[in-house]
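Breakdown of the fold
Spelled out from the first residue to the last, the chains are:
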Amino acid sequence: MSHKAGFVNIIGNPNVGKSTLMNAFVGERLSIITSKAQTTRHRILGIVNGEDFQLVLSDTPGIIKPAYEMQESMMNFVKSAFEDADILIYMVEIGEQNLKDEDFFKKIYHAKIPVLLLLNKIDNSNQEQLEEQVAFWKEKVPNAEIFPISALQNFNVPEVFGRIIELLPESPPYYPKDQLTDKPERFFVNETIREKILLNYSKEIPYAVEIVTEEFHETDAIIRIRSVIMVERDTQKGIIIGHKGAALKKVGTDARTDLEKFFGKQIHLELYVKVNKNWRSNANMLKRFGYNQ
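Remember, predicted model here, so these are calculated numbers, not experimental data.

So, the environment of Pro 176
Within the secondary structure layout, Pro 176 lies in the loop between helix 5 (157–167) and helix 6 (185–200). Along the backbone, Pro 176 and Asn 49 are 127 residues apart, and their C-alpha atoms lie at a distance of 9.2 Å. When neighbours within four sequence positions are excluded, Pro 176 is seen to be in contact with Asn 49 and Gln 54.

Set out below in structure tokens:
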């Protein structure tokens, strides 16, 4: 029996539902989902295996005009998504008219590989608006197949998945068939904690934060984790900790709950906060955190 395998890379503006779509395909919460823009910072692979196929999905940061070194690195992850894709998913939402970077957009409509344009969040529209948007994108990206979807409601998502499987090239699997992602366990600890910070703090705080998991010790009964929340200024450290440590405690409790579901066992989580001035513009720090690779 022949086997299909390939890389399917998801790109689009911030907050259009890329992470929601990938998590729907994979069946696990590999990517952070919040209402805030620029939630995904890295390129995250999710692997979907069937008897005769392996689908390697790549969720990328939302396309932006970079303002500092970390964002430059984030956009390098997006550029790399064009280089190894067998199928490209360009995701837009109802009412959207363009990518925030025209150079990326040119790459989409000059792509030599299949392009699926997913018009997301159609549950927020009516039939007339939907028809207008489909016509607009047909003209804008004539090389794309257009699918109206709601990633959150799972509307038309199985149909998109089926079309992807049809388009996959014949190939042996790229990863072991029981593998879910290319990221190590500590990465998901870091991302879970960062998600809780995105949900619990406002203004610049979530974007000035990076998580480093210094200890991850697993036994049959429990996983003991020690993680550091890195901020850029002393004032941010105070905000993260909160009055009598209440804010930090809430982040820890919320993160532990999700991590216990993800790993399927008891979690003991210790959180600390450290100041690392201007880490987002420090090349050595960015490399340490996995951005400059």
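Having put the structure on the table, let's press on.
Notes on the side chain of Ser 150
Locating Ser 150 in the fold gives a position in the loop between strand 6 (144–148) and helix 5. Within the local environment of Ser 150, its side chain forms a polar contact with the backbone nitrogen of Gln 153, the two atoms lying 3.2 Å apart. Leave out the neighbours within four places in its chain, and Ser 150 touches Asn 120, Lys 121, Ile 122, Asp 123, Phe 155 and Val 157.

As for helix 4 (residues 127–140)
Under the 1.5 Å per step criterion, the end-to-end length of helix 4 is 20 Å for 14 residues, consistent within 8% with the ideal 20 Å. All of the buried residues along helix 4 are Leu 130, Gln 133, Val 134 and Trp 137. Taken down its axis, helix 4 places every buried residue within 100° of arc, on the same side. Along helix 4, the residues that are exposed and aim more than 90 degrees away from the buried face are Glu 128 and Glu 139. With a side-chain oxygen lying 3.2 Å from the backbone nitrogen of Glu 128, the N-terminal cap of helix 4 falls on Asn 126.

Focus: the packing of helix 1 (residues 18–26) against helix 5
Two numbers describe how helix 1 lies on helix 5: the axes approach to 11 Å, and their chain directions differ by 75°. Regarding the angle of helix 1 to helix 5, the classification is roughly perpendicular. On helix 5, the residues touching Leu 21, Ala 24 and Phe 25 of helix 1 are Val 157, Val 160, Phe 161 and Ile 164. Looking at the contact of helix 1 with helix 5 residue by residue, the class counts come to seven nonpolar, no polar and no charged.

Remarks on the pattern of salt bridges
Following the criterion strictly, the structure yields ten salt bridges and no others. One salt bridge in this structure joins Arg 194 and Glu 191, with 3.1 Å as the shortest N-O distance. Of this pair, Arg 194 and Glu 191 both sit in helix 6, three residues apart, roughly one helical turn. Note on accessibility: Arg 194 and Glu 191 belong to one class, buried.

What counts, and where the lines are drawn
Per chain, residue numbering runs from 1 following the sequence as it is written. Confidence filtering applies because this is a predicted model: local features only for residues at pLDDT of at least 70, side-chain atom pairs given and counted only at 80 or more, and all residues used for totals across whole chains, interfaces and linings. Side-chain numbers here rest on the full set of heavy atoms in the structure, without hydrogens or water. Numbering goes from the N terminus for both helices and strands, where a helix is a DSSP run of H or I of at least four residues and a strand is a run of E of at least two. Contacts between residues were defined by any pair of non-hydrogen atoms, one from each residue, lying within 4.5 Å. Polar contacts here mean pairs of N or O atoms no more than 3.5 Å apart (in protein, one a potential hydrogen donor and the other a potential acceptor; neighbouring residues in sequence count only if both atoms are side-chain atoms). Each helix should span, by expectation, one fewer than its residue count multiplied by 1.5 Å. Each residue gets one of three labels from its accessible area relative to the maximum for its type: buried under 20%, exposed over 50%, partly exposed in between, using a 1.4 Å probe on protein chains only. The directions from the helix axis to the C-beta atoms are what the arc is built from. Comment: axis = line fitted to C-alpha atoms, over the contacting stretch for helices; angle = value between 0 and 180 degrees taken between N-to-C directions. Each angle receives one of four descriptions, namely roughly parallel if under 35 degrees, roughly antiparallel if over 145, roughly perpendicular if within 65 to 115, and oblique otherwise. Side-chain classes are defined by residue name, with Ala, Val, Leu, Ile, Met, Phe, Trp, Tyr, Cys and Pro counting as nonpolar, Asp, Glu, Lys and Arg as charged, and the others, Gly among them, as polar. Only one rule defines a salt bridge in this text: a Lys or Arg side-chain nitrogen within 4 Å of an Asp or Glu carboxyl oxygen.

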